[in-house]
Amino acid sequence: MTARIEMIGVSKEFPAVRALERVNFRVASGEVHALMGENGAGKSTLIKIMTGALGSDEGEIRLDGRPVEISSPGHARALGIGAVYQEVNLVPTMSVTKNLTLGRQPRRFGLISWREARDRACEKLERLKVDIDVERPLGSYSVAVQQLIAIARALEDDTRVLVLDEPTASLDANETELLFQVVRDLKHRGLAIVFITHFIDQVYEISDRISVLRNGRLVGAGATADLPRLKLISLMLGRELKRTEERLAAAPGASEGPVVLSAEGLGKRRTMAPFDLSLRAGEVVGLSGLLGSGRTEVAKLIFGATRPDSGHLEVSGERMTAHSPRQSLRRGMAFCPEDRKAEGILAELTVRENIILALQTKMGWLRLLRQNEQEKLAEEMIRALGIATPDADKPVGQLSGGNQQKVMLARALVSDPRILILDEPTRGIDVGAHAEIVSLIRKLSAEGLALLVASSELDELIAVSDRIAVLRDRRKVGEIARNDITRENIIGTIASARS
Amino acid sequence: MNEKYLPLAATIAVFLALFLIGGFLYKNFLSTLVLGDILADNAFIIIAAIGTTFVILSGGIDLSIGSMIGFVGVVMANLDVVGWHPLISGGLMLGFGLLFGALQGLIIDFCEIQPFIVTLAGLFLLRGSCFMVNLDSVPIRHPFVAWFAGLSIPLPGEGELRSSAIVMLVALAVAIVIAHFTRFGANVYAIGGDRVSAALMGVPMRRTTVAIYALGGVYSALGGVIYALYTSSGYPLAGTGNELTAIASVVLGGTLLTGGVGMVAGTLFGGMILGLIATLIDFNGSLNGAWIMISGGILLFLFIVMQRSLVGSFKLRDTT
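Residues numbered from 1 in each chain as written. Chains lettered and ligands numbered in written order. Predicted model: local features only at pLDDT ≥ 70, side-chain atom pairs only at ≥ 80, totals over all residues.

## Comments concerning the overall build of chain A
Scanning chain A from terminus to terminus reveals 17 helices and 22 strands. For chain A, the spread of C-alpha atoms along the three principal axes comes to 70 × 50 × 45 Å. Here the analysis covers contacts within chain A between residues at least 6 apart in sequence; of these, 68% occur between residues at least 24 apart. (Helix = DSSP H or I, 4+ residues; strand = E, 2+ residues; numbered from the N terminus. Contact = placed C-beta atoms within 7 Å.)

## As for the overall build of chain B
In terms of helices and strands, chain B carries 14 helices and four strands. In summary, chain B has a C-alpha radius of gyration of 20 Å against a globular reference of 20 Å for 320 residues, a match within 12%. For chain B, the spread of C-alpha atoms along the principal axes amounts to about 65 × 50 × 35 Å. The burial tally for chain B puts 50% of its 320 residues in the buried class. Across chain B, the fraction of contacts at a sequence separation of at least 24, relative to all contacts at a separation of at least 6, is 80%. (Rg over C-alpha atoms; globule rule 2.2 N^0.38 Å. Buried ≥ 20, exposed ≤ 12 C-beta atoms within 10 Å, placed from the backbone.)

## Concerning the sheet that holds strand β11 (residues 209–214) of chain A
Residues and elements named next belong to chain A. The six strands are arranged β6-β9-β10-β3-β11-β12 in an open sheet whose pairing can be described as mixed. Edge positions in the sheet fall to β6 (81–84) and β12 (217–223), since each has one partner strand and no second. Each adjacent strand pair in this sheet contributes to an overall mean axis angle of 20°, direction not counted. Where β11 meets β12, six bridges bridge the pair, whose relative direction is antiparallel. Across the sheet, residue Val 212 finds its bridge partner in β12, namely Gly 220. Sitting on the sheet, helix α1 (residues 43–50) is in contact with β3 (31–37), β6, β9 (161–165), β10 (192–196) and β11, with an inclination near 150° to β9. (Pairing = 2+ DSSP bridges. Axes fitted to C-alpha atoms, helices over the stretch in contact; angles between N-to-C directions.)

## Details of the confidence of the model for chain A
Averaged over every residue, the pLDDT of chain A is 83; the share at 70 or more is 90%. The secondary structure element of chain A with the lowest average pLDDT is helix α11 (residues 340–344) of chain A, at 67, and the one with the highest is β10(A), at 93. (pLDDT = per-residue confidence, 0-100.)

## As for the interface of chain A and chain B
The partner chain B presents 25 residues to the 26 residues of chain A that form the contact. Sorting the residues of the side of chain A that touches chain B by element identifies α2 (73–78), β8 (111–112) and α9 (295–303) of chain A as the ones contributing at least two each. Considering each element in turn, the side of chain A that touches chain B owes the most residues, three residues, to α2(A). A breakdown of the residues in the side of chain A that touches chain B according to their chemical character gives ten nonpolar, eleven polar and five charged. (Nonpolar A, V, L, I, M, F, W, Y, C, P; charged D, E, K, R; others polar.)

## Re the domain arrangement of chain A
Splitting chain A by domain gives domain 1 (3–237) and domain 2 (254–496). Averaged C-alpha coordinates put domain 1 of chain A and domain 2 of chain A at centres separated by 33 Å. (Domains from an automatic or database assignment.)

## Digging into the nonpolar core
If you look at the biggest cluster of nonpolar residues, it comprises 162 residues, and the most contacted ones within it are A:Ile193, B:Ala43, B:Ile47, B:Val72 and B:Ala190. Considering every element that reaches this core, the biggest residue donor is helix α11 (residues 205–231) of chain B, with 15 residues. Setting aside chain neighbours within four positions, we find A:Ile193 in contact with A:Glu31, A:Val32, A:His33, A:Leu162, A:Leu164, A:Val183, A:Leu186 and A:Lys187. Counting residues in each nonpolar core, the second largest holds 70 residues, with A:Ala263, A:Val315, A:Ile382 and A:Ala469 among its members. (Core = buried A, V, L, I, M, F, W, Y, C linked by C-beta atoms within 7 Å.)

## What about the sheet that holds strand β22 (residues 475–480) of chain A?
Adjacent strands of a sheet form backbone hydrogen bonds with each other and so pair up, either parallel or antiparallel. Residues and elements named next belong to chain A. Pairing in this open sheet of six strands is mixed, and the strands run β18-β19-β20-β15-β21-β22 from one edge to the other. If you trace the sheet from one side to the other, it starts and ends with β18 (333–336) and β22, each paired once. In this sheet, neighbouring strand axes are inclined to one another by 15° on average, regardless of whether the strands run parallel or antiparallel. The sheet contact formed by β18 and strand β19 (residues 419–423) spans four bridges and is parallel. Residue pairing in the sheet places Cys 336 in a bridge with Leu 422 of β19. Sitting on the sheet, helix α14 (residues 401–414) touches β18 and β19, and the angle it makes with β18 is about 170°.

## Side note on the packing of helix α5 (residues 143–154) of chain A against helix α6 (residues 173–188) of chain A
All names here are of chain A. The N-to-C vectors of α5 and α6 enclose an angle of 15°; their axes lie 10 Å apart at closest approach. Taken together, α5 and α6 sit at an angle that is classed as roughly parallel. The interaxial crossing formed by α5 with α6 has right-handed handedness. Facing α5, whose interface residues are Ala 144, Gln 147, Leu 148 and Ile 151, α6 presents Glu 175, Leu 179 and Val 182. Of the residues in the contact of α5 with α6, the class split is five nonpolar, one polar and one charged. (Parallel < 35°, antiparallel > 145°, perpendicular 65-115°, else oblique. Left-handed = near helix turned anticlockwise from the far one by under 90°.)

## Description of the pairing of strand β1 (residues 3–14) of chain A
Residue and element names in this part refer to chain A. Two strands pair when backbone bridges link them, and β1 and strand β2 (residues 17–28) are joined in this way by eight bridges, in the antiparallel orientation. Considered in β2, the bridge of Lys 12 is made with Leu 20. Of the strand pairs in this sheet, β1 and strand β4 (residues 58–63) are connected by five bridges, and their pairing is antiparallel. When the bridges of β4 are listed, Glu 6 appears paired with Arg 62.

## Overview of unusual backbone geometry
Residue and element names in this part refer to chain A. Phi at Ser 316 takes a positive value of approximately 50°, unusual for a residue other than glycine. Looking at where Ser 316 falls in the secondary structure, it is placed in the loop between β16 (310–315) and β17 (318–319). Here Ser 316 falls in the partly exposed class, since 14 other C-beta atoms lie within 10 Å of it. In this model, Glu 424 sits at a positive phi of 50°, which is unusual for a non-glycine residue. By the secondary structure assignment, Glu 424 is in the loop between β19 and α15 (431–446).

## As for the environment of B:Phe148
Residue and element names in this part refer to chain B. Mapped onto the secondary structure, Phe 148 falls in helix α7 (residues 143–150). By C-beta crowding, Phe 148 is classed as partly exposed, having 19 other C-beta atoms within 10 Å. Taking the C-alpha atoms as reference points, Phe 148 and Gly 59, separated by 89 residues in sequence, lie 36 Å from one another. Excluding its chain neighbours within four sequence positions, the residues that come into contact with Phe 148 are Ser 163 and Leu 229.

## Digging into the confidence of the model for chain B
Residues and elements named next belong to chain B. Mean pLDDT over chain B stands at 89; residues scoring 70 or higher make up 95%. Counting contacts from residues 314–320, a segment whose pLDDT is below 50, to residues more than four positions away or on other chains yields 16 contacts. Confidence estimates for the predicted assembly give a pTM of 0.70 and an ipTM of 0.84.

## Regarding the pairing of β4(A)
Note: β4(A) against strand β5 (residues 66–68) of chain A, three bridges, orientation antiparallel. Paired with A:Leu63 across the two strands is A:Arg66, which belongs to β5(A).

## Some points on the packing of helix α2 (residues 32–41) of chain B against helix α13 (residues 264–284) of chain B
Relative placement of two packed helices is described by the angle separating their axes and the distance separating the axes. Residue and element names in this part refer to chain B. Between α2 and α13, the shortest axis-to-axis distance is 9 Å and the interhelical angle comes to 120°. Classified by the angle their axes make, α2 and α13 are oblique. When you trace α2 past α13, the crossing you get is right-handed. The residues of α13 that touch α2, namely those facing Val 34, Ile 38 and Asp 41, are Met 272, Gly 275, Leu 276 and Thr 279. Of the residues assigned to the contact of α2 with α13, the class counts are four nonpolar, two polar and one charged.

What follows is the structure in structure tokens.
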């Protein structure tokens, strides 16, 4: 089969890092091609070059055999290359119609004909079997629907290549299935589809071929059927895979430590039904449940990021009065939120500034940390957590997802907390960083820290937890003790509540 | 009703309520005479505010408006002394406004500097230039000025729509078409709604940014021309602080200061509300003029709080 799009010997260099080195990448028509790699492997750079957001230093791009120069995102689209990113890159304040037609509005006598634009918008959505009111602002729809709208926008009549960059990262199983139906449909229409994801299962479900990048080089490519999981993952990691699914041995006596946190009837109307939860020093308690079951809500209620309207919370025997993040920090709690970009790191600030932030809040602004103290702390954390950054003064926004997560962890740890709350600590980061964070959690609990870990990944929770609280539909439905933690038990607990 | 019309509806409701309160308190208030006066008196500021609406919709800000109004008047008055027709000098100043705005836009985009700083520099530059030209008020004596001032369309009742108000309404109509029926207009909303997304969706960022500030420049220059004709003079301190009045009009008109949400038509009513408050306090006679600003300030506060609650409806839904 001839290649629909072919990238030959593409290289790209950034200051201090060689992002791509003579990479060859080809996708045939009617093929779903998974592009795999750890964070920092060069996937994003390759995609940006393909979609015109970046120029390449050397190499050639051929579209249906003809060499092309892709100069801008607009030009890429004109050539028939559409892209959909993990963060929905549409404008939430504008209506669905305006989002779908921006830059290509049908015009009559030089002025936009909104009636025609609406018809076109509906037509585009119909192709994907999405039926919504196109006049409402995009932001009023769920992320899944926004994702489909983004695909609808990326698809023109003449679209030949569609890039899906982690489109399923924030979708639940049903929504993912809906998206895959659309992808299969598009594949049968002869599109070349580039699919990027961190979910290995999804790769085997949807893709026909796989290309693997590592450190800016193509390290493997082939039909999905010929590439077993273990091979794929070892290609991505470039080293023998350590199995992380196993239970990591819990410290003996973890469940005998003193109770450092206990919630009684804590809840908030329309957010989370009242629940009881306790946490002991040196213990890891997992929060498990399906998407939307209230994992984040529990984490935020305990940390005080959401103010409860019932029940009470005791930390080290003292009743919390304010339920504010400030009070929680002062009582020795720390929180790493799920949405790194929106709620966690400050991308423009440097690694050092991000790490210092929580500590400074705890100390109060009157006692400023001296520059050399800051530097010392930052260096310590960078070393302790293995944050890959050239120096402490690099803006966090320029690091990879896994390293950003570590900076968040560092920030939480630098204030020396007794209780650490992690919401989705491994979301959007690669397999290697995943394993490091999991073992880091175990290490921290062995040092006597009490951890509350909310995660959508069962294996991850099974690996780290001493006890698991199971949630369903914003209600705590059960707790599973250490010796009973198995995949079947968790699923059973979730299911048993469905009556 | 679609939620995007809510802020506009609120603005119009406030305007009508104030107008009715005036009618309830004072005889002769509820008339086209008062309405015509408010339109004419505030025409120049509303024109400038219409241009600012585009700037604010794009998430930017323009502080050079008041100085532009002063500068345009001073230049027109001095060209009048050497015998230029006000229409020709006015046209020249519109061209100047366009270029000056475009330059500001270019600097903002090319050097990636915040619009606040760039247009603040513009404010000082133009105000300083006013003083370079002359320090006193210079009358514009060309007969065209008197003719222009006498031009009007009678309204039902005793009122009339005066020339400055007519220019303002035409300028508004043009702006509405630009905002809602051109690709440029759609791009302005996109940039204001989400800059990064807009760029990825293929909006030509530089061209659009330059055009936005050029448009703002033309409209504030037009405001200056109308002000010079209306006062038949050029005064180097004219328009001082008007950039803030213009921004207040835009915000009262329902446009979000963060960009992306709002309608050009709202700015007309925003400006009229401020004018109406001034007229109400004039009618009272016993109230200090300071109350104009105080009540304007209170209204602004209320509007910002209201907008805050509206923004919530655009937030992405919780996905967890």
